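Architecture and fold: a report
Each chain, written out:
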Amino acid sequence: MIDSNFIIYGYYNNEYFEEGYDDEESYQEAIQRFSSVGLNAFEPQNINSLLQTIISQGTQS
């Protein structure tokens, strides 16, 4: 799960998802809901390496 500007992107149950929220309260509630099923945000320093991995795997296909 990657959180950004009231938008949460992630991958769960073999599917990618994107959810947007109108306010901070709804956004934080969603983060808590995702955390309760074991989905947690990546730490910012891990995002670049994650994106590089995704990009390199996509170009190998």
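In short, a report on the structure. (Residues numbered from 1 in each chain as written. Predicted model: local features only at pLDDT ≥ 70, side-chain atom pairs only at ≥ 80, totals over all residues. Heavy atoms only, no water.)

**Examining a negative patch on the surface**
Residues Asp 22, Asp 23, Glu 24, Glu 25 and Glu 29 make up a contiguous surface patch of negative charge. Relative to the assigned elements, Glu 25 resides in helix 1 (residues 24–36). Classification of Glu 25 as exposed rests on a relative accessible area of 56%. (Patch = residues over 30% accessible without salt bridge, like charges linked within 9 Å, V, L, I, M, F, W, Y side chains within 5 Å. Areas by Shrake-Rupley, 256 points an atom, 1.4 Å probe, with all protein chains shown as cover. Salt bridge = Lys/Arg side-chain N within 4 Å of Asp/Glu carboxyl O. Lys, Arg positive; Asp, Glu negative; His and termini not counted. Charge placed at Lys NZ, Arg CZ, Asp CG, Glu CD. Helix = DSSP H or I, 4+ residues; strand = E, 2+ residues; numbered from the N terminus. Buried < 20%, exposed > 50% of the residue type's maximum accessible area, 1.4 Å probe, protein only.)

**Some words on the nonpolar core**
In this structure, Ile 8, Phe 17, Tyr 21, Tyr 27, Ala 30, Ile 31, Phe 34 and Leu 39 together form the largest nonpolar core, which totals 8 residues. Examining the composition of this core, we find that 4 residues originate from one element, helix 1, more than from any other. (Core = buried A, V, L, I, M, F, W, Y, C linked by side-chain atoms within 4.5 Å.)

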